[in-house]
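Coordinates in review
Listed here are the chains, written in short residue letters.
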Amino acid sequence: MKAAVLYELNHPVIVEDIEMEGPKEGEVVVKVAATGVCHSCYHAVTGMLDTPLPVVLGDEGAGIVEEIGSGVTLVKPGDHVILSWVPSCGHCIYCSQGYANLCLNARKGGRGNLLDGTTRYKKNGKSIHHFAMVASFAEYSVIPQECAIPIDKDISLEKAALVGCSVTTGVCAVINTAEVRPGTSVVVFGAGGIGLNVIQGAVIAGAEKIIAVDLLDTKLEFARQFGATHTINASEVDPISAIKDLTDGLGADYAFEAIGTRTTYEQVIHAIRNRGKAIWIGAPPREPVSFDAGVVFWGEKTVMGSNYGSARPRYDMPRLLALYKAGVLKLDELITRTYRLEEVNEAFTAMLNGEVARGLICF
Ligand SMILES: [Zn+2]
Ligand SMILES: [Zn+2]
């Protein structure tokens, strides 16, 4: 089968034929219909996100169950599924508390492997890893059954694919992690795939003021289309004072970091008012972040991480699709360009240049 494989950091991804083993116990094979081009995959290319190489990339996809291994009870061949990157076990302490995204058993196979610690992809006898369990830059993905989230068949798999990562990460950071309240003010740093979904999450939550901060005017234009009421180009003005100007000098109630740089990780703490919440969503910078602890202490501020939007995939993903069906969540508008798998490197370039809300590879 055809797959996009990363062999070396900071090198183009190679699209080639590789071998795939059938599913082992508890695993399923999904024929991938579409896969979004996500910044986290690009972070794997640059080494900002650690993953063993070589690796089949792709962390945002949907498809149809083709084959099931022994002991599989959660899905059957023919089911339409979104690929989740957390195989929540359902019974560890975090799953029991409703934090399926933090499942203790989800990474027991080690980074780049399935749950038993091995891979199902090979080339010339050498193993190829699975990126984020999902590895959807491939015609087929072999995943634990817990990663295959069944959805209604009347929703296009191209649209559903985006719910596998960016939509869930962004929208659920707002409604689950931060629990944004109606009538409040929200700032988001970064108007890429995640940031746009934070914006539409804030619209759904009833935020009154939604301020998008980015360095590129093209991305700020996307931000307005998704519901930003104000935009700030941080290459032209100091974003913190611009945010304060828009919020009675106080700062916003919530500030989301959706880029993953040290500067923006620090800025969100200064962008919120007393009792406000700063939420880190972008992949964490590989250098220490520093801020004056007094800002958090005296102002009773909250700094939170949001991993996959605190999502319970089996509950939240169908919930998001229901919001799409109701006309409340935008998915069609996110897909600005579609590609063939062979065009994956061009898709990364367009993403980095801010040319797309989301690029989608269709099979
Ligand atoms: Zn992603
Ligand atoms: Zn668990």
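For the structure itself, consult the block above.
Since the structure is predicted, the reported quantities are computational estimates derived from the model, not experimental observations. (Residues numbered from 1 in each chain as written. Chains lettered and ligands numbered in written order. Predicted model: local features only at pLDDT ≥ 70, side-chain atom pairs only at ≥ 80, totals over all residues. Heavy atoms only, no water.)

**Digging into the coordination of the zinc ion (ligand 1)**
At the metal site, the zinc ion (ligand 1) is ligated by Cys-38 (SG), Ser-40 (OG), Asp-59 (OD) and Cys-165 (SG), and these contacts range over 2.0 to 2.6 Å. Here the zinc ion (ligand 1) binds four donor atoms, and the angle range of 74 to 136° at the metal identifies the geometry as irregular. Read N to C, the donor residues that coordinate the zinc ion (ligand 1) are spaced as C-x1-S-x18-D-x105-C. Taken together, the residues span a long stretch of sequence, with Asp-59 in the loop between β5 (55-56) and β6 (61-68) and Cys-165 in the loop between α3 (157-161) and α4 (166-177) at a distance of 106 residues. We note that Asp-59, like Cys-165, is buried. (Donors = N, O, S within 2.8 Å, 3.2 Å for Na, K, Ca; no water. Tetrahedral: all angles 85-135°; square planar, octahedral: opposite > 155°, others 65-115°. Helix = DSSP H or I, 4+ residues; strand = E, 2+ residues; numbered from the N terminus. Buried < 20%, exposed > 50% of the residue type's maximum accessible area, 1.4 Å probe, protein only.)

**Here's the deal with the nonpolar core**
Counting 85 residues, the largest nonpolar core has Val-56, Ile-82, Val-167, Val-180, Leu-196, Ile-199 and Phe-256 as its most contacted members. Residue contributions to this core reach at least three from each of two domains, namely domain 1 (2-164 + 330-362) and domain 2 (171-306). Residues in contact with Ile-82, not counting those within four places in the same chain, are Gly-61, Ala-62, Cys-147, Ala-148, Ile-149, Ile-151, Ala-160, Val-163, Gly-164, Met-317 and Leu-321. (Core = buried A, V, L, I, M, F, W, Y, C linked by side-chain atoms within 4.5 Å. Domains from an automatic or database assignment. Contact = heavy atoms within 4.5 Å.)

**Examining the pattern of salt bridges**
Two side chains that carry opposite charge are able to pair once their charged atoms sit near each other. For the structure shown, the criterion picks out 20 salt bridges. With its nearest N and O atoms 2.8 Å apart, the salt bridge here joins Glu-27 to Arg-120. With Glu-27 in strand β4 (residues 27-36) and Arg-120 in the loop between α2 (93-97) and β8 (121-123), this residue pair connects regions lying 93 residues apart in the sequence. Residue class for Glu-27 comes out buried when judged on its relative accessible area of 5%. Using a relative accessible area of 0% as the deciding quantity, one classes Arg-120 as buried. Salt bridges here are not isolated pairs; linked through shared partners, they connect Lys-2, Arg-340 and Glu-342. (Salt bridge = Lys/Arg side-chain N within 4 Å of Asp/Glu carboxyl O.)

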